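Notes for the structure review
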Amino acid sequence: MTDQVDNWHKLARFDTNMQGELHANLLRNNGITVSLQPLSAIPGMNSGIVLWVEDTDLAEAQRILDTIPTDGAALLDEMSDADFDALSATQSNATQGNSIIDDNNGGTL
């Protein structure tokens, strides 16, 4: 199989469907038409996915994907303490806002 079918080019292959769908949505949000090709015909198999884009969008799509950090350690190095504080504050607010708390006492007071 070639990396080109008519005017579509193979842009990237991802190991999980979730990764591919996230990247496809990023490209779509930037006005790029994306076609997804799952690598398994079995629903829920999560065997990976290939992103295809048209000739006219290939360079822009590649530029966008190249700006996404793929190294988790490098991403952590780029984040500041303020970023971590914002994340932890958001997480603690989400748990405090939960009005139904399961205290595991079987419904008795």
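We now turn to the structure provided with this report. (Residues numbered from 1 in each chain as written. Predicted model: local features only at pLDDT ≥ 70, side-chain atom pairs only at ≥ 80, totals over all residues. Heavy atoms only, no water.)

Check the secondary structure of the protein and you find 4 helices and 4 strands. Beginning at the N terminus, the succession of helices and strands in the protein can be written as β-β-α-β-β-α-α-α. Residues counted as buried form 18% of the 109 residues belonging to the protein. The long-range share in the protein, meaning contacts at least 24 apart out of those at least 6 apart in sequence, stands at 65%. Accessible surface computed for the protein: about 8,000 Å², of which carbon and sulfur atoms make up 53%. (Helix = DSSP H or I, 4+ residues; strand = E, 2+ residues; numbered from the N terminus. Buried < 20%, exposed > 50% of the residue type's maximum accessible area, 1.4 Å probe, protein only. Contact = heavy atoms within 4.5 Å. Areas by Shrake-Rupley, 256 points an atom, 1.4 Å probe, with all protein chains shown as cover.)

Applying the stated criterion across every chain, the model contains 2 salt bridges. When the shortest N-O distance is used, the salt bridge between Arg13 and Asp15 registers 3.1 Å. Owing to a relative accessible area of 46%, Arg13 belongs among the partly exposed residues under this scheme. Between Glu60 and Arg63 there is a salt bridge whose closest N-O contact spans 2.6 Å. With a gap of 3 residues between them, Glu60 and Arg63 both fall in helix H2 (residues 58-66), about one helical turn apart. (Salt bridge = Lys/Arg side-chain N within 4 Å of Asp/Glu carboxyl O.)

One finds Leu11, Leu27, Ile32, Val34, Leu51, Val53 and Ala61 to be the most contacted residues of the largest nonpolar core, which totals 13 residues. Among the elements of the structure, strand E2 (8-14), helix H1 (17-29), strand E4 (49-54) and H2 are those that each provide at least two residues to this core. Ile32 has contacts with Leu27, Val53, Asp57, Glu60, Ala61 and Ile64, leaving out every residue within four places of it along the chain. (Core = buried A, V, L, I, M, F, W, Y, C linked by side-chain atoms within 4.5 Å.)

When you line up the elements, Pro38 lands in strand E3 (residues 34-38). Here the alpha-carbon distance between Pro38 and Ile49, two residues 11 residues apart in the chain, equals 4.3 Å. Setting aside anything within four residues of it in sequence, one finds Pro38 in contact with Gly48 and Ile49.

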